[in-house]
Amino acid sequence: MLSAVKIRMHTSVLHSNQPLTERYVFWNTGLFGCCDDIKSCCYGFWCCPCLACTVAGMFGEDRCLPLCDICSPAVVSAFGIPLFVPPAALALRVGIRYKHGIKGTMCKDIATSCVCMWCSWCQMHRELRSYEKNTNVVNMQPIPVTGNK
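Given the structure is predicted, the values throughout are model-derived calculations rather than measurements. Residue numbers restart at each chain and count upward from 1, following the sequence in its written direction. The predicted nature of this model means local features are confined to residues of pLDDT at least 70 and side-chain atom pairs, given and counted, to a pLDDT of 80 or more, with totals for whole chains, interfaces and linings taken over all residues. Remark: hydrogens and water are excluded; side-chain values derive from all non-hydrogen atoms of the structure.

**Re the packing of aromatic side chains**
Right, on to step 1. In this scheme Phe, Tyr and Trp rings, the latter by its six-membered ring, pair at centre separations within 6.5 Å, and the angle between planes marks the pair as stacked below 30 degrees, edge-to-face above 60, and tilted otherwise. Summed over the entire model, instances satisfying the criterion amount to two aromatic pairs.
Right, on to step 2. Summarising the aromatic geometry, the rings of Phe45 and Trp46 are spaced 4.8 Å apart at their centres and angled 85° between planes, so their arrangement reads as edge-to-face.
Right, on to step 3. Ring centres of Phe45 and Trp118 lie 6.2 Å apart, and the angle between their planes is 75°; on these two criteria the pair is classed as edge-to-face. Placement of the pair is Phe45 in helix H1 (residues 38-46) and Trp118 in helix H6 (residues 117-133), with a sequence separation of 73 residues.
Right, on to step 4. Here Trp118 falls in the partly exposed class, since its relative accessible area comes to 26%. A run of H or I in DSSP becomes a helix once it reaches four residues, and a run of E becomes a strand once it reaches two; helices and strands are each numbered from the N terminus. Buried residues are those whose accessible area, probed at 1.4 Å on protein chains only, stays under 20% of the maximum for their type, while exposed residues exceed 50% and partly exposed ones sit between those limits.

If you want it as structure tokens, here you go:
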């Protein structure tokens, strides 16, 4: 008789009876919470484009994405289209909020991105750094099962 080795993977599914709206959390720091992380604040103050590129990279996007916020207003205004909302800052803010279940609305994200883009980048950086600190990596190995056929 030949014995076959079967690999059985365990999967865990989290089920919750709570509605989605009750599972939302708030940002770890406020929009003007620069004193919570002086390093992020100084980084953003002295080189906000560099901070924006760092945030994009931390979120898994292309590090050059925030350059759209610098270049796109000039390009579209050449065609007579005013652009007030920074597209990369808004997209990353919404993405971070959605991925981590942070409470908020698109209107608040637009207002935040337009009113104080520098503070928004700093807040996103603090948020992503807090998730990096609290991330635990679990290495799950498959369980080999031997059986006779």
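**Notes on the state of the cysteines**
Right, on to step 1. Cysteine sulfur atoms are paired as a disulfide whenever they come within 2.5 Å of each other. Overall, the coordinates contain one disulfide when judged by the stated rule.
Right, on to step 2. Between the sulfur atoms of Cys47 and its disulfide mate Cys50 the distance is 2.4 Å. Judged by the sign of its S-S torsion, about 40°, the bond between Cys47 and Cys50 is right-handed.
Right, on to step 3. Taking the relative accessible area as the measure of exposure, Cys47 reaches 26% and is therefore partly exposed.
Right, on to step 4. Accessibility expressed as a relative area gives 35% for Cys50, which makes it partly exposed.
Right, on to step 5. A disulfide-free cysteine, Cys64 has its sulfur positioned 6.2 Å from the sulfur of Cys53, the nearest such atom.
Right, on to step 6. Judged by its relative accessible area of 47%, Cys64 is partly exposed.

**Notes on the packing of helix H4 (residues 87-99) against helix H5 (residues 106-115)**
Right, on to step 1. Where helices are involved, their axes are fitted lines through C-alpha atoms of the stretch in contact, as for all axes, and angles between N-to-C directions lie from 0 to 180°. It is the contact of H4 with H5, at a shortest axis distance of 9 Å, that shows an interaxial angle of 135°. For the element pair H4 / H5, the angle class is oblique. The element H4 and its partner H5 pack so that their crossing is right-handed. For the pair formed by H4 and H5, the contact residues are Ala89, Leu90, Arg93, Val94 and Arg97 on the first element and Met106, Asp109, Ile110, Thr112 and Ser113 on the second.
Right, on to step 2. The residue classification treats Ala, Val, Leu, Ile, Met, Phe, Trp, Tyr, Cys and Pro as nonpolar and Asp, Glu, Lys and Arg as charged. All others, Gly included, are polar. In the contact of H4 with H5, the residues fall into five nonpolar, two polar and three charged. Every angle not falling under 35 degrees, over 145, or within 65 to 115 is termed oblique; those three ranges are roughly parallel, roughly antiparallel and roughly perpendicular. Note: crossing handedness is left-handed where the near helix turns anticlockwise from the far helix by less than a right angle, and right-handed where it turns clockwise. In what follows, residue pairs with any heavy atoms lying within 4.5 Å of each other are defined as contacts.

**Points about the packing of H4 against H6**
Right, on to step 1. Put simply, H4 and H6 touch, their axes get as near as 11 Å, and they point 35° apart. Crossing of H4 against H6: the hand is left-handed. Contact with H4, carried on its side by Ala88, Ala89, Leu92, Arg93 and Ile96, involves Met117, Ser120, Trp121, Gln123, Met124, Glu127 and Leu128 of H6 and no other residues of that element.
Right, on to step 2. Split by residue class, the contact of H4 with H6 holds eight nonpolar, two polar and two charged.

**What to know about H4**
Right, on to step 1. Helices are assigned an expected span. That span is 1.5 Å times one less than the residue count. The terminal C-alpha atoms of H4 lie 18 Å apart, and with 13 residues this matches the ideal 18 Å at 1.5 Å per residue to within 8%.
Right, on to step 2. Those residues of H4 not exposed but buried are Ala88, Ala89, Leu90, Leu92, Arg93, Gly95, Ile96 and Arg97.
Right, on to step 3. The first or second residue beyond H4 is Gly101, which carries a positive phi of 65°.

**Quick look at the nonpolar core**
Right, on to step 1. To form a nonpolar core, buried Ala, Val, Leu, Ile, Met, Phe, Trp, Tyr and Cys residues must be joined to one another through side-chain atoms within 4.5 Å. In this structure, Val55, Leu92, Ile96, Trp121 and Met124 are the most contacted members of the largest nonpolar core, which totals 14 residues.
Right, on to step 2. Elements with a contribution of two residues or more to this core: helix H2 (48-58), H4 and H6.

**Considerations on H5**
Right, on to step 1. When we look at burial in H5, the residues that qualify are Asp109, Thr112 and Ser113. Along H5, the residues classed as buried sweep out an arc of 95° about the axis, all on the same side. Those residues of H5 that are exposed and angled more than 90 degrees off the buried face are Cys107 and Val115.
Right, on to step 2. The elements touched by buried residues of H5 are H4 and H6. Directions pointing from the helix axis toward each C-beta atom define the arc.

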